[in-house]
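Here is how the chains run, residue by residue.
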Amino acid sequence: MWHRREWLAAAVPLGLGSEAFLRRLAALARRDGEITADNLHDAEWITGVSLDDAQRTAILESVKRTDEGLKKLRAVPLDENTPFPLAFLPEPQRLEARAARPPETMVTPPRATTLTTCPDDETLAFLPASELGEMIRNRIVTSSKLASLYLARLKKFDPVLLCVVNLTGSLAMEQAERADRELELGRYRGPLHGIPWVAKDLIAVKGVPNTWGVPLRKDAIAQRNARVVERLDEAGAVLLGKVSLGALAMGDKWFGGMTRNPWNPSRGSSGSSAGSAAAVVAGLAGFAIGSETLGSIVSPSIRCGATALRPTFGRISRDGCMPLSWTMDKLGPLARSVADLALVFAAIHGADGRDSSAVTESFVWPGSLNLPSIRVGVPPGVVDDQSNEALAVVREMGCQLVPVELPASEHLQSLLNIIDVEAAAMFDEALRAGQTEGWHEWTEVFRAAMYIPAVDYVRMQRVRQQLQLDFAKATAGVDILLDANDLLHTNLTGHPSVVLPRVIELSNGRFRPRCTVLTGRLYEDDRLLAFAAEYERRVKGSLEHPPMERWLKELAEKEPLEPDSPGGEPDDSPL
């Protein structure tokens, strides 16, 4: 029989210490029914892991929170007819056949520009991408001019916002010059031809670091392009660089600091598509691509005042992007108008033979709506609120307002363990190797997720399926949800949402966007955008822009401000 010291001498070089500790602790918990301080000491002795009192307390609290959530889920009634929503693919290569049918897309490019000469640089920087595209097509401005302007602004204002991770200046100018040459030769790729954009730094760009917001990956060079990058290149768009995300797609804090809000640099921009929202709103790019698992497009867009689309789950391939949750991750555009969102979405949607969740559905833009027939769902008790500005806009549109009671949400928070389990599986190797610098809360989240049995993970997904059915029933007959506080529901169900800035308020010398969130039916992203465009036409302030020169001057005159309390703003740590 081995003595404890001999066992440790063999186990530690194999890197088994921390993993064995966690698994031993889980086994003790199953035996005793709960994690106790005695269990911790037992697991420490057996595996040779030494913890201090603070670490023991943190582990106990984390595991108990997880267990409380699992108990709530075990109390949700399920019968034998409640399915498991994940599908097994017996022949993964058949994904290529699924992608053989190109996206059914009908897009009529806008002819919106009234400009006949190029405006000053400040005005130009903040124009919607749809209008910039028309200016390029009509030879009012060149793609090279836009790329140079935006690259200069990214460099100039990054000290205020801390949103730039890596610029791709040489690539951008090469792509912009190609776009200009092609236009001279009569080759026009479409409404994104020559439009500069930025990518959230979990989207792979060949030859460029793909850092995911953590120090370990500062020099992790991508070996190929993500599918979304390929599609935008095919559309003629110009990549300016990679912008920040919170570490491993949580919040707005990355290894370069905290990305700031363009309307109020004393505050963060929320996350995790922090850089995408900040760059677009500050006039540093024509549009951006972000991602969302649980609020990471919607929340920073509300905080910064970006116009954004979180599409139906599966509409855009995530190939080449950092996985956080295979069953919840989504990519989407952030821009300065609804038309921008539609044109970007049209270029990048559809199955690709790489992402098993990606699907091809039709997309028509611009769409037409019979507004009096549109039923807009709002929370009970809000229908008759005459002071609600968003409701006033919908009334002006002539739509029908109906109360909608969404499924109860007391156990939905526990379903977020789906993200924890899937993310822990994704980053398990780095966690076991102790490569957790700059992970912030993720380290404890992943450790707690290791205690969740596979049986409970399957139950979570079945409860999620029940939520999908309940949500469909609750919203039957409703075309659009308006400010329904449905972020948690719809990230679990996969429904699309649009964020629209409505007005910019000034308080205590600082600005604050006020936004509307619209949610549509599954796969009806074009209909949702058509409604959003009608709403956008009736609101003021959506094209106002932040005083970046003022913030730059303030930064030069004094030390950077520390972030204040988020107060009533959106949560700072969406995924």
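See the structure shown above.
Bear in mind that the values here come from a model prediction, so they are computed numbers and not experimental data.

Draft legend 1. A look at helix 7 (residues 129-137). Where burial is concerned, most of helix 7 is hidden: eight out of the nine residues are buried. The elements touched by buried residues of helix 7 are helix 6 (121-125), helix 8 (143-161), helix 9 (169-184), strand 9 (287-292) and helix 13 (338-348). In the segment just after helix 7, Arg139 is the residue with positive phi, at about 60 degrees.

Draft legend 2. The arrangement of the packing of aromatic side chains in detail. As enumerated under the stated definition, the model contains nine aromatic pairs in all. Between Trp197 and Phe287, the ring centres sit 5.9 Å apart and the planes meet at 5 degrees, which makes this aromatic pair stacked. Here Trp197, found in strand 3 (residues 196-200), pairs with Phe287, found in strand 9; they are 90 residues apart in sequence, far enough to count as distant. Ring centres of Phe427 and Trp439 lie 6.0 Å apart, and the angle between their planes is 70 degrees; on these two criteria the pair is classed as edge-to-face. Residue Phe427 is found in the loop between helix 15 (417-426) and helix 16 (428-432), and its partner Trp439 is found in the loop between helix 16 and helix 17 (442-449); the two are separated by 12 residues along the sequence. The burial state of Phe427 is the same as that of Trp439; both residues are buried. Taken together, Trp212, Phe427, Trp439, Trp442 and Phe446 form an aromatic cluster joined through their ring pairs.

Draft legend 3. Highlighting the sheet that holds strand 4 (residues 238-243). Here we have 11 strands laid out as an open sheet, ordered 2-4-3-9-11-10-16-17-15-13-14, and mixed in their pairing. Of all strands in the sheet, those with a lone pairing partner are strand 2 (164-167) and strand 14 (400-403), marking the two edges. Mean inter-strand twist for the sheet, computed between neighbouring axes without regard to direction, equals 30 degrees. As paired strands, strand 16 (residues 497-507) and strand 17 (residues 510-519) are joined by 10 bridges and run antiparallel to one another. Residue pairing in the sheet places Ile504 in a bridge with Pro513 of strand 17.

Draft legend 4. Summary view of the pattern of salt bridges. Evaluated as defined, the whole model comprises 31 salt bridges. Here Arg514 and Glu389 are joined by a salt bridge, their closest N and O atoms 3.5 Å apart. On the criterion of sequence distance, the pair formed by Arg514 in strand 17 and Glu389 in helix 14 (residues 389-397) is long-range, its members being 125 residues apart. Between Glu534 and Arg538 there is a salt bridge, with the nearest N and O atoms lying 3.1 Å from each other. On the basis of relative accessible area, Glu534 is assigned to the partly exposed category, the value being 23%.

Conventions we followed
Residues numbered from 1 in each chain as written. Predicted model: local features only at pLDDT ≥ 70, side-chain atom pairs only at ≥ 80, totals over all residues. Heavy atoms only, no water. Buried < 20%, exposed > 50% of the residue type's maximum accessible area, 1.4 Å probe, protein only. Helix = DSSP H or I, 4+ residues; strand = E, 2+ residues; numbered from the N terminus. Contact = heavy atoms within 4.5 Å. Phe/Tyr/Trp six-rings, centres within 6.5 Å; stacked < 30°, edge-to-face > 60°. Pairing = 2+ DSSP bridges. Axes fitted to C-alpha atoms, helices over the stretch in contact; angles between N-to-C directions. Salt bridge = Lys/Arg side-chain N within 4 Å of Asp/Glu carboxyl O.

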